[in-house]
Amino acid sequence: MRDISLEHENLTERDKKHLWHPLTQHKVSPEMLPIKKAKGCTLTDEKGNEYIDGISSWYTAVYGHCNPYITEKVAEQMQNLDQVVFSGFTHEPAIALSEALIEILPEGQQKLFFNDNGSTATEIGIKMALQYHHNLGNDRKVMLAFEEGFHGDTFGAMSVSGLSVYNGAFEDHFIRVERIPVPTGENNQEVISILNNILKNHNIAGFIYEPLIQGAAAMKFHDGEGLNEILKICRENEVVLVADEVMTGFGKTGSYFASDYMQEKPDVVCMSKALTAGLLPMGLTSCSQKIYNAFYSNDIAKGLFHGHTYTANPLACAAALAAVQLLRTDEIQTGINRITESNMAFTAKLKDHPKVKNVRSKGVIFAFELAVETERYGGLRNKLFKFFMDNGVFLRPLGNTIYIVPPYVISEEELQKIYSVIEDVLSNF
Ligand SMILES: *Cc1c(COP(=O)(O)O)cnc(C)c1O
């Protein structure tokens, strides 16, 4: 046990002077912890304390931090081509990445549109759905989304996110969205009838969904058969299917993409986070030939006039290509399978624990709700966070949900350490 509240005076104080952190109310939030080093699955703070990165730094660094294969590929790329305009020019890193990705993307994906992060990946997914119908002359201007979905922080992405409790200042400017509950198995019929009703009464252009697992909604799992039925009905009604795989993509669920578990494949796939292995920021939105064809025209206005300055940055492409190559190795696949099995064994172990609710796992993702009396709920999340950090494990509980998404290269010993600290939580809270 060590105390992380020990002062990190220098950096912490300098941080406070000019920096504004994301998702942070600075008046009530504790000080920021300076991190000096990240290597493999270990984060090291200014004082030399080490923490196992149990969430792969927001689901990005799945091949381990500063992975030597990836850093080497990016360093090589840096010597040759750092950045070039992607409108009118092209380059090998983007081309090689597109070829590698098409091989692992869900069936039917054909074209890739580059962007900068998860929010812009979904923003473009939404634009593709809306403009697809616009170009075809269809009057469809409403998006469909799940309640409690999360798709990012830009305006379109915020609009379709159901978890918009802090978006009061912006709601008047949102695009039009209709919502359905996630299918749980028991409620499938009810969800389908709500869906049919919406399709009858609104001109739905596209459906954006996090397939099988909603990350920001506290790793909420939903029913695959129910989702498949929703996708089927949407497809029959010419609703563009936009899979937001920003969190689930690149192996987290045990398959390359969560959409691999679905019979109905998406028209559009949004990617980021593990795409570049935590090394550089980048997003990608892919689509089927059918979607692309609606934009392909002698009429310039039918094109997708969206472009970020750093589109297809060669360094980010080099990182992503190296990451896809690693993902396909036996070593990484063996790691994913081992973590999957350990998670399943830990799930079985906690199943009947009186303080454990809804324990679940899929691939490297493991989650449960800590069942404590509601009067003990105040500040619970921060206490849990501190307990994990004091014990050398970096996890970010959401409310009373504790979850892990460890790097695929985590050792069994490190993984067991995370489990054992979770068990300590169960006896201490
Ligand atoms: C993180 C996330 C986003 C937003 O990605 P950013 O890179 O943070 O903008 C969108 N969708 C899902 C499912 C996510 O998990």
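Look up: the structure comes first, before these words.
Conventions adopted
- Residues numbered from 1 in each chain as written.
- Predicted model: local features only at pLDDT ≥ 70, side-chain atom pairs only at ≥ 80, totals over all residues.
- Heavy atoms only, no water.
- Core = buried A, V, L, I, M, F, W, Y, C linked by side-chain atoms within 4.5 Å.
- Buried < 20%, exposed > 50% of the residue type's maximum accessible area, 1.4 Å probe, protein only.
- Helix = DSSP H or I, 4+ residues; strand = E, 2+ residues; numbered from the N terminus.
- Domains from an automatic or database assignment.
- Polar contact = N/O pair within 3.5 Å; in protein donor to acceptor, adjacent residues only side chain to side chain.
- Contact = heavy atoms within 4.5 Å.
- Near = heavy atom within 4 Å.
- Areas by Shrake-Rupley, 256 points an atom, 1.4 Å probe, with all protein chains shown as cover.
- Nonpolar A, V, L, I, M, F, W, Y, C, P; charged D, E, K, R; others polar.
- Expected span 1.5 Å × (residues − 1).

**Looking at the nonpolar core**
Piece 1. Grouped together as the largest cluster of nonpolar side chains are 101 residues, with contacts concentrated most on Y63, L97, F207, F250, F368, L370 and I422.
Piece 2. The biggest single contributor to this core is helix α10 (residues 314-327), with 11 residues.
Piece 3. Here this core spans two domains, since at least three of its residues come from each of domain 1 (11-66 + 330-428) and domain 2 (69-328).
Piece 4. If you look at the next biggest cluster of nonpolar residues, it comprises 20 residues, including A121, M128, A145 and C287.

**Section: the side chain of T340**
Piece 1. Mapping T340 onto the fold places it in helix α11 (residues 330-350).
Piece 2. Take T340: its relative accessible area is 17%, and that puts it in the buried class.
Piece 3. Polar side-chain contacts of T340 include one of 2.7 Å to the backbone oxygen of I336.
Piece 4. Apart from the residues lying within four places of it in its own chain, the contact partners of T340 are G363 and V364.

**Let's talk about the site of the ligand**
Piece 1. As a structural note, the neighbourhood of the ligand is formed by N117, G118, S119, F150, H151, G152, E210, D244, V246, M247 and K273.
Piece 2. One nitrogen or oxygen atom from the side chain of D244 is found 2.7 Å from a nitrogen atom belonging to the ligand.
Piece 3. Here an oxygen atom of the ligand sits 2.7 Å away from a polar atom, N or O, in the side chain of K273.
Piece 4. Relative to its unbound accessible area of 380 Å², the ligand is 81% covered by the protein chains.
Piece 5. Class assignment for the residues of the shell around the ligand results in 3 nonpolar, 5 polar and 3 charged.

**Overview of helix α8 (residues 224-236)**
Piece 1. In this model α8 runs 18 Å from its N-terminal to its C-terminal C-alpha over 13 residues, within 8% of the 18 Å that 1.5 Å per residue would give.
Piece 2. G226, L227, N228, I230, L231, I233 and C234 are the residues of α8 that are buried.
Piece 3. Contacts from the buried residues of α8 go to β5 (142-146), β6 (177-180), α7 (188-201), β7 (204-209) and β10 (240-244).
Piece 4. Note on α8: the residue one or two positions beyond its end, E238, has a positive phi of about 55°.

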